[in-house]
Amino acid sequence: MSSFDLVAPASEEEAVAWLARAPTGETAVLAGGTDLLNDLEEQRIAPRHLLSLRRLPWNRWSWTGPALTIGSTTPLVDLEYDPKIRSEFPGLIGAIEAVGSVALRARATLGGNLGRSGSASDLIPMLLALDASAEIVGPSGRRSVPVDALVVASRRPALDPGELIRSVLLPEPRASAYLWQRIRPAQDVSHVGVAAAFSPGDGRWRIALGGVPPRAIRIHPGASELPGRPSKAALEAAARRAAERLPLATDLRATGEYRRLVAHALVIRAVEAAGAMREGAP
Amino acid sequence: MSAVPAALKVNHRPVDLEGVPADERLLDTLRWRLELRGTKEGCRSGGCGACTVLVDGRPTLSCLTLTRELDGREVTTIEGAPDHPAGRAVLEAFESEGAVQCGYCTPGFVMALTGFLGRTPRGHRSTERLLRELQGNLCRCTGYAAIARAVDRAGREAP
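Residues numbered from 1 in each chain as written. Chains lettered and ligands numbered in written order. Predicted model: local features only at pLDDT ≥ 70, side-chain atom pairs only at ≥ 80, totals over all residues. Heavy atoms only, no water.

## A word on the overall build of chain B
When its secondary structure is counted, chain B shows 5 helices and 5 strands. Seen in sequence order, chain B has helices and strands lined up from the N terminus as β-β-α-β-β-β-α-α-α-α. Counting every position in chain B, which comprises 159 residues, the buried fraction comes to 55%. Of the charged side chains in chain B, 21 are positive and 20 negative, and the gap between their average positions amounts to 4 Å. (Helix = DSSP H or I, 4+ residues; strand = E, 2+ residues; numbered from the N terminus. Buried < 20%, exposed > 50% of the residue type's maximum accessible area, 1.4 Å probe, protein only. Lys, Arg positive; Asp, Glu negative; His and termini not counted. Charge placed at Lys NZ, Arg CZ, Asp CG, Glu CD.)

## Re the pairing of strand 7 (residues 141-146) of chain A
As judged from the 6 bridges shared by strand 6 (residues 133-138) of chain A and strand 7 of chain A, these two strands associate in the antiparallel manner. When the bridges of strand 7 of chain A are listed, G138 of chain A appears paired with G141 of chain A. (Pairing = 2+ DSSP bridges.)

## Focus on the packing of helix 3 (residues 106-119) of chain B against helix 5 (residues 144-157) of chain B
Residue and element names in this part refer to chain B. Close contact between helix 3 and helix 5 brings their axes to 11 Å; oriented N to C, the two are set at 25°. In terms of their interaxial angle, helix 3 and helix 5 are classed as roughly parallel. As helix 3 runs across helix 5, the sense of the crossing is right-handed. On helix 5, the residues touching F109, L113 and L117 of helix 3 are Y144, I147, V151, A154 and G155. Here the residues of the contact of helix 3 with helix 5 sort into 7 nonpolar, 1 polar and no charged. (Axes fitted to C-alpha atoms, helices over the stretch in contact; angles between N-to-C directions. Parallel < 35°, antiparallel > 145°, perpendicular 65-115°, else oblique. Left-handed = near helix turned anticlockwise from the far one by under 90°. Contact = heavy atoms within 4.5 Å. Nonpolar A, V, L, I, M, F, W, Y, C, P; charged D, E, K, R; others polar.)

## Focus: helix 3 of chain B
Residues and elements named next belong to chain B. In a regular helix each residue adds 1.5 Å, so 14 residues correspond to 20 Å; helix 3 covers 20 Å between its end C-alpha atoms and thus fits that length. The element helix 3 is largely enclosed, with a buried count of 12 among its 14 residues. Where helix 3 is concerned, the buried positions are T106, P107, G108, F109, V110, M111, A112, L113, T114, G115, F116 and L117. Buried residues along helix 3 sit against strand 3 (52-55), strand 4 (58-61), strand 5 (74-76), helix 2 (85-96), helix 4 (127-133) and helix 5. (Expected span 1.5 Å × (residues − 1).)

## Some points on the state of the cysteines
Here a disulfide denotes a covalent bond joining the sulfur atom of one cysteine to the sulfur atom of another. Inspection of the entire model under this criterion finds 0 disulfides over all chains. C141 of chain B forms no disulfide, and the closest cysteine sulfur to it belongs to C102 of chain B, at a distance of 3.7 Å. (Disulfide = S-S within 2.5 Å.)

## So, the nonpolar core
Soluble globular proteins: nonpolar side chains tend toward being buried together. Residue and element names in this part refer to chain A. Core analysis: the largest hydrophobic core is formed by 54 residues, its most contacted members being L50, L76, L92, L114, M126, L127 and L170. Counting residues per element, this core draws most heavily on helix 8 (residues 123-129), which supplies 6 residues. Ignoring anything within four residues of it in the chain, the contact list for L127 reads L92, L110, L114, A132, V147, V168 and L170. (Core = buried A, V, L, I, M, F, W, Y, C linked by side-chain atoms within 4.5 Å.)

## Here's the deal with the pairing of strand 4 of chain B
Residues and elements named next belong to chain B. Covered by surrounding structure in strand 4 are R58 and T60 together with P59 and L61, the residues of both alternating faces. Where strand 3 and strand 4 come together, 4 bridges link them in antiparallel fashion. What sits directly across from V55, in strand 4, is R58. The turn linking strand 3 back onto strand 4 is made up of 2 residues, and D56 within it adopts a positive phi angle of 50°.

## Overview of helix 5 (residues 90-97) of chain A
Most of helix 5 of chain A is tucked away: 6 of the 8 residues are buried. Residues of helix 5 of chain A that are buried include every one of G91, L92, I93, G94, A95 and I96 of chain A, and no others.

## Quick look at the sheet that holds strand 7 of chain A
Residue and element names in this part refer to chain A. Ordered in space as 4-5-8-6-7, the 5 strands form an open sheet in which the pairing is antiparallel. Either end of the sheet is taken by a strand with one partner, and the two such strands are strand 4 (61-64) and strand 7. Put simply, the sheet's adjacent strands are angled 25° from each other on average, direction ignored. Judged from the 5 bridges that link them, strand 6 and strand 8 (residues 164-170) form a sheet pairing that is antiparallel. Residue V137 lies in a different strand from strand 8, and its bridge partner there is L164.

## Overview of the domain arrangement of chain B
All names here are of chain B. Taken domain by domain, chain B comprises domain 1 (7-79) and domain 2 (81-157). With centres defined by C-alpha atoms, the gap from domain 1 to domain 2 works out at 20 Å. Taken together, the contacts link 18 residues of domain 1 with 17 residues of domain 2. Counting the surface lost from both domain 1 and domain 2, the interface buries some 1300 Å², and carbon and sulfur atoms represent 60% of this. Applying the counting criterion to the domain 1 and domain 2 interface returns 0 salt bridges. Our count for the contact surface shared by domain 1 and domain 2 stands at 6 residue pairs in polar contact (both at pLDDT 80 or more). (Domains from an automatic or database assignment. Buried area = accessible area lost by both parts, 1.4 Å probe. Salt bridge = Lys/Arg side-chain N within 4 Å of Asp/Glu carboxyl O. Polar contact = N/O pair within 3.5 Å; in protein donor to acceptor, adjacent residues only side chain to side chain.)

## Observations regarding the packing of aromatic side chains
All names here are of chain A. Considering all chains together, one arrives at 2 aromatic pairs over all chains under this definition. Sitting over the ring of W63, K84 keeps its end group 4.0 Å from the ring centre. Lying across the ring of W180, R182 places its NZ or CZ 4.3 Å from the centre. (Phe/Tyr/Trp six-rings, centres within 6.5 Å; stacked < 30°, edge-to-face > 60°. Lys NZ or Arg CZ within 6 Å of the ring centre and 35° of its normal.)

## A closer look at the pattern of salt bridges
Summed over all chains, the structure comprises 37 salt bridges over all chains. The salt bridge partner of E69 of chain B is R54 of chain A, with a shortest N-O separation of 2.7 Å. In this pair, E69 of chain B is assigned in the loop between strand 4 and strand 5 and R54 of chain A in the loop between strand 3 (49-52) and strand 4, connecting two distinct chains. We classify E69 of chain B as buried; its relative accessible area is 4%. Owing to a relative accessible area of 29%, R54 of chain A belongs among the partly exposed residues under this scheme. In this structure, D131 of chain A engages R174 of chain A in a salt bridge whose closest nitrogen and oxygen atoms are separated by 2.9 Å. Of the two residues, D131 of chain A is situated in the loop between helix 8 and strand 6 and R174 of chain A in the loop between strand 8 and strand 9 (175-181); the sequence distance between them amounts to 43 residues. Linked through salt bridges whose partners overlap, the residues forming this network are D131, D148, E172, R174, D202, R206, R215 and R218 of chain A.

Here is the structure:
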């Protein structure tokens, strides 16, 4: 017999109401399940109920002018095969393609990744560089929270009891790139992941570093520090400062010092790759 | 919560979900409930690709999928590959290139490639692209050279 039951509400209201009634700590929320199922298999968690989001209309996306709203249960593979998302948010596609294999991304979702808030997430650095925010729904209605304020600790996102991640908002298309370092492309997680994005709105770069505990960090250099089209020297200096912000975390994958060296190189390459997309742009 | 009896289709055949436990994975439903043993269990944690099947035409890891989550969906396994236009071409390519050693990873490779070719027209099937789609499939015999030849051939010959 199954140690948990599977509940699949047909509407957002039903899902929120169910979660509000559920005893605290006994329910796990199921989006794609690619991470959750491994926790269940290894008995790291033992919930009595799984609240499945599969029947909610959160598995699609919509454009509002330049802004893209992605439903939290959209399979990552749907996003990577969409030509418009690919051309408007190239860095997001790069980060998505860094998540496991194609067959894993058929199940994995953006909302699930944020809900887990893993320090090794490839998606979170890119969402930070794109200034993404998450729309949350819960007992007291809907609210919007910057991804930066959501992914505060691994496995423990800043959600109140009974809250669910409904969608992710990307405010504007940005020249962007995501680069990572790891042993095998589809069977390992990144030692370091670097996202770079240039905002046409304020003419400034965002750089985010991930793959290193405790959480991904975002750096927002000033326009004089890192201009839109930086000189080699300016980029080199900005990359060095960014890498120094990385916590010196050593684990079985890599040493802290090695991660900083890799991060330094990846920041330079990510800004150059994103910058090359801006050729012809003002 | 559903008025219609929960069901999914496996190789066009309806499967009643009522008696399936909540924690049962598609991999186990296929192998032990439906006795479709072609789908293989490798790492059971999403890292090897041996358990890959198609869900609504998309390559999907059956080890990381709860069966009851697939209410209303269509699953194609290696047993259904001969009836799939791209699947048949992939099987023939693996056979003619001798791309099978112990064979354990083969169903996963075949289904991952079938899913991609089934939705990707010729002209978008560069070797690099095809191999990228298969990064999640491991062959522990390391028989990759023959597999790569079969992948190229399937890319040329599949409709």
